[in-house]
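Structural overview for review
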Amino acid sequence: MVVHPNVKVNLGLSVIRKRPDGFHELETLFAPYFGISDTLEIILGDGWSETSASLYARYSEDQLAQAISEDGKVMITIARREGVDWDPLKDLTVKAYQLLAEDFELKPVKIFLEKTSPVGAGLGGGSADAAFALRVLDGLFALGLSDESLAAYAARLGSDCAFFIYNRPMLGRGRGEVLEPFSLEGIDLSGNDSACAVPVGPSESENTGLGASNYLLKVIVPDGIAVSTAEAYRGITPREAMADCPYVPLMDALEKPVEAWKDVLVNDFETTVFSAHPELAAIKQSLYDSGAIYASMSGSGSALFAIY
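Every value quoted in this text rests on a predicted model; they were computed, and no experiment measured them. (Residues numbered from 1 in each chain as written. Predicted model: local features only at pLDDT ≥ 70, side-chain atom pairs only at ≥ 80, totals over all residues. Heavy atoms only, no water.)

1. Remarks on the overall build of the chain
Scanning the chain from N- to C-terminus turns up 10 helices and 13 strands. Relative to the globule expectation of 19 Å for 308 residues, the C-alpha radius of gyration of the chain, 19 Å, shows essentially globular dimensions. Relative to its full complement of 308 residues, the chain shows a buried share of 54%. Counting only contacts in the chain whose residues sit at least 6 apart along the sequence, the fraction spanning at least 24 positions is 66%. Of the roughly 13600 Å² of accessible surface on the chain, 51% is carried by carbon and sulfur atoms. On the chain, the mean spot of the 24 positive side-chain charges and the mean spot of the 43 negative ones are 3 Å from each other. (Helix = DSSP H or I, 4+ residues; strand = E, 2+ residues; numbered from the N terminus. Rg over C-alpha atoms; globule rule 2.2 N^0.38 Å. Buried < 20%, exposed > 50% of the residue type's maximum accessible area, 1.4 Å probe, protein only. Contact = heavy atoms within 4.5 Å. Areas by Shrake-Rupley, 256 points an atom, 1.4 Å probe, with all protein chains shown as cover. Lys, Arg positive; Asp, Glu negative; His and termini not counted. Charge placed at Lys NZ, Arg CZ, Asp CG, Glu CD.)

Given below as structure tokens:
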């Protein structure tokens, strides 16, 4: 089965408090963005691949990485233009298989991943791969898992993985795994240049239910800048620890017209990330200069997005 895991953007991202478990309590609105996606194929170990021949034809040896798990249950092949600088067996798609294998008898599989979404950009490409892998494995082995069950597994793989099980606008709280549907009526998330497009993604009609769009969201990925989560959190002061912190709660900000978001809908990570990478602040300003009515960094960066 071949799927195309898309990325996400964060509309507002507030770090509320440090939790006893070491994580941070967050508040954000996740929105799927279909203009950037990977290609993921998972087949049975003795199955025939639809994508492998194309990968081997289009990628050189140093752009491909392949590994087989010690138990022989998983063979994974990853293709990436910039090369694969992580252990393929630690890829979240493999961890998704291993997580399900703790509870179900799974036959051996082959995983083929063409990684075109950026790494270290705050777009959640790896989390999307993990969530889509869970859904593919559920179908491949007829496990019959509900969205809620899949989301619970996904949350064990990463804080924003559960969002991609639903793959439609969702308010995220807790570590990002406590989710609530939210309407983004009128904002085109397809990544197409036409602002009249209706988003079409892997979740078919469940994506957003948007009709004709008044606003177009576009993602910008700066070349050569990757921001780790640890780097983004370095220097962050949670809002509850700030005595005098002008803050508009996320829901209050989102209820305002899009044209008013510039002054009330903020990403707390911009302070620390822009300090370390001032070129990102310059890119954000250039988006406003180009006519955007709202611009922001996504997640922990380095990608930015603009709404026109």
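2. A short note on the confidence of the model for the chain
On average, residues of the chain score 89 in pLDDT, and 90% of them are at 70 or above. Predicted confidence is poor over residues 195-211, with pLDDT under 50, and the contacts of this stretch with residues over four places away or in other chains come to 46 contacts. (pLDDT = per-residue confidence, 0-100.)

3. Here we look at the sheet that holds strand 3 (residues 24-37)
With respect to topology, four strands assemble into an open sheet ordered 2-3-8-9, the strand pairing being antiparallel. Only two strands of the sheet have a single partner each, and these edge strands are strand 2 (6-18) and strand 9 (178-181). Across the sheet, the mean angle from the axis of one strand to that of its neighbour is 25°, orientation sign disregarded. Pairing geometry for strand 3 and strand 8 (residues 170-174), over five bridges, is antiparallel. Considered in strand 8, the bridge of L26 is made with G174. (Pairing = 2+ DSSP bridges. Axes fitted to C-alpha atoms, helices over the stretch in contact; angles between N-to-C directions.)

4. Things to note about the packing of helix 2 (residues 92-101) against helix 4 (residues 147-157)
Contact pair helix 2 / helix 4: the axes reach a minimum separation of 10 Å and the direction vectors enclose 125°. Relative to helix 4, helix 2 is oriented oblique. At the point where helix 2 passes helix 4, the crossing takes the right-handed sense. Contacts between helix 2 and helix 4 involve L92, K95, A96, L99 and L100 from the first element and Y153, R156 and L157 from the second. Looking at the contact of helix 2 with helix 4 residue by residue, the classes come out as six nonpolar, no polar and two charged. (Parallel < 35°, antiparallel > 145°, perpendicular 65-115°, else oblique. Left-handed = near helix turned anticlockwise from the far one by under 90°. Nonpolar A, V, L, I, M, F, W, Y, C, P; charged D, E, K, R; others polar.)

5. Concerning the nonpolar core
Grouped together as the largest cluster of nonpolar side chains are 46 residues, with contacts concentrated most on L11, I187, L217, V219, W261 and I307. Core analysis: the second largest hydrophobic core is formed by 43 residues, L40, A65, L113 and V136 among them. (Core = buried A, V, L, I, M, F, W, Y, C linked by side-chain atoms within 4.5 Å.)

6. Notes on helix 3 (residues 125-140)
For helix 3, with 16 residues, the first-to-last C-alpha span of 22 Å sits near the 22 Å given by 1.5 Å per residue. If you check which residues of helix 3 are buried, you get G125, S127, A128, D129, A130, A131, F132, A133, L134, V136, L137 and D138. Within two residues after helix 3, A142 carries a phi angle of roughly 50°, on the positive side. (Expected span 1.5 Å × (residues − 1).)

7. Re the sheet that holds strand 11 (residues 215-220)
Taken together, the four strands give an open sheet; going across it, the order is 10-11-13-12, and neighbouring strands pair in mixed fashion. Only two strands of the sheet have a single neighbouring strand rather than two, namely strand 10 (187-188) and strand 12 (294-297). Sheet topology note: the strand 10/strand 11 ladder contains two bridges and is parallel. Looking across to strand 11, one finds that I187 is bridged to Y215.

8. Remarks on the pairing of strand 9
Where strand 8 lies against strand 9, four bridges are found, and the strand directions are antiparallel. What sits directly across from G172, in strand 9, is L179. The hairpin formed by strand 8 and strand 9 contains three residues between the paired strands, and G176 there has a positive phi angle of roughly 115°.

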